Amino acid sequence: MKKMVKLVLSLLVVFSIAPSTAFAQSGKTIDREAGVVIGFDDTFAPFGFKNEAGDHVGFDLDLAAEILGRMEVDYSFQPIDWSMKETELNTGNIDMIWNGYSITPEREEVVLFSEPYIENRQIIIVPVDSDVKSKADLAGKVLATQEQSASLEAILADEEFVATLGSDPVTYATFVEVFSDLNNGRVDAIVVDETLASYFLEQNDSAADYRTLEDNFGEEEYGVGFRKSDDAFVEEFNATLAEIIEDGKFDEIKANWFTAIEAEQD
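Residues numbered from 1 in each chain as written. Predicted model: local features only at pLDDT ≥ 70, side-chain atom pairs only at ≥ 80, totals over all residues. Heavy atoms only, no water.

A. The arrangement of the sheet that holds strand 4 (residues 56-57) in detail. Read from one edge to the other, the open sheet built from three strands follows the order 2-3-4, with strand pairing classed as antiparallel. Of all strands in the sheet, those with a lone pairing partner are strand 2 (43-44) and strand 4, marking the two edges. In the sheet, strand 2 pairs with strand 3 (residues 48-50) via two bridges, with the strands oriented antiparallel. Bridged to threonine 43 within strand 3 is phenylalanine 49. (Pairing = 2+ DSSP bridges. Helix = DSSP H or I, 4+ residues; strand = E, 2+ residues; numbered from the N terminus.)

Right under this line is the structure:
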């Protein structure tokens with residue numbers, strides 16, 4: 001099992017670095033006059049998702065409107081396969097990855113990140129009547145998360161923990177499917193971004209149906225991902241982000257989308 005985990009991690013690095021290496025030779029940079037295309041996962045509420053009317057909405061969309069509006073840069077949002085996000089960026093199909101995008105050492109090898117703007121944790125959620133109280137209780141159990149996500153990276157990084165599971169982590173294209181399989185009893189626990197879980201549980205009025213373990217897979221920060229060749233644009237972007245945080249507009253946007261959830265203490 002440990003050898004398999006190491007192989008998976010190695011493949012993740014290889015496949016993420018390869019597109020970047022090829023793209024770096026093209027020297028493409030953002031053309032301000034042409035505008036920018038922002039890639040996002042349109043199922044990742046509350047950062048970017050479809051509402052009941054079928055419109056794309058979310059915290060990151062509102063933040064993009066404010067930042068790029070002040071920069072006087074036109075933009076559009078393009079839904080993408082999240083597992084292909086770095087490839088989409090480095091081949092020029094999109095110009096930014098902006099959707100609750102966790103800053104990790106592996107991603108920093110192939111992506112130029114903005115300054116961080118949101119803190120997050122990778123939390124473990126189980127049904128309220130589950131006998132699982134800690135990570136140790138997940139021995140022999142089935143765990144699920146989103147494919148090619150920071151959640152999966154965090155799980156696989158803990159090789160000793162993964163070796164105790166009943167199988168390799170089960171992965172799905174979206175966190176909607178991850179929650180669905182927990183509800184259907186096909187998995188025993190899920191690992192998910194706390195920011196997403198907070199919104200999901202509130203909107204579905206289902207917080208009472210789940211427990212969040214005190215144990216977790218660590219804290220992290222979200223940033224916006226750019227190509228390495230877009231350092232000049234990112235410098236201006238960071239200055240505008242800092243301005244929005246300083247003048248209070250960031251907190252105003254954030255308050256429209258987030259509520260806190262707390263880990264249940266045993």
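We are not done yet, so read on.
B. Here's a closer look at unusual backbone geometry. Here the bond from alanine 45 into proline 46 is cis, since omega is 5 degrees, no more than 30 degrees from zero. Assignment of secondary structure puts proline 46 in the loop between strand 2 and strand 3. If you check the backbone angles, glutamate 72 has positive phi at about 60 degrees while not being a glycine. With relative accessibility at 70%, the residue glutamate 72 sits in the exposed group. (Buried < 20%, exposed > 50% of the residue type's maximum accessible area, 1.4 Å probe, protein only.)

C. Spatial organisation of the sheet that holds strand 9 (residues 143-146). Reading across from one edge, 10-9-11-8-12 is the order of the five strands in this open sheet, with mixed pairing throughout. Two strands lie at the open edges of the sheet, namely strand 10 (170-172) and strand 12 (210-222), each paired on one side alone. Between one strand and the next, the sheet's axes are offset by a mean angle of 25 degrees, whatever the strand orientation. Bridge count for strand 8 (residues 118-127) against strand 12 is eight bridges, and the pairing is antiparallel. By the bridge assignment, valine 126 is partnered in strand 12 with arginine 211. On top of the sheet, helix 8 (residues 194-203) reaches strand 8, strand 11 (189-193) and strand 12; it is set at about 60 degrees to strand 8, its chief contact. (Axes fitted to C-alpha atoms, helices over the stretch in contact; angles between N-to-C directions. Contact = heavy atoms within 4.5 Å.)

D. Main features of the packing of helix 2 (residues 59-71) against helix 9 (residues 231-246). As a packed pair, helix 2 and helix 9 sit with axes 10 Å apart at the nearest point and diverge in direction by 115 degrees. Crossing of helix 2 over helix 9 shows right-handed handedness. Counted together, Glu66, Ile67, Leu68, Arg70 and Met71 of helix 2 and Phe233, Glu236, Phe237, Thr240, Leu241, Glu243 and Ile244 of helix 9 form the full contact between these two elements. Tallied by class, residues from the contact of helix 2 with helix 9 come to seven nonpolar, one polar and four charged. (Left-handed = near helix turned anticlockwise from the far one by under 90°. Nonpolar A, V, L, I, M, F, W, Y, C, P; charged D, E, K, R; others polar.)

E. Expanded view of helix 5 (residues 150-157). With respect to burial, helix 5 is a largely interior element, seven of its eight residues being buried. For helix 5, the full list of buried residues reads Ala150, Ser151, Leu152, Glu153, Ala154, Ile155 and Leu156.

F. Just the side chain of aspartate 181, in detail. Relative to the helices and strands, aspartate 181 is located in helix 7 (residues 175-183). For aspartate 181, a relative accessible area of 6% translates into the label buried. Those residues in contact with aspartate 181 that sit more than four places away from it in its chain are Tyr172, Arg186 and Val187.

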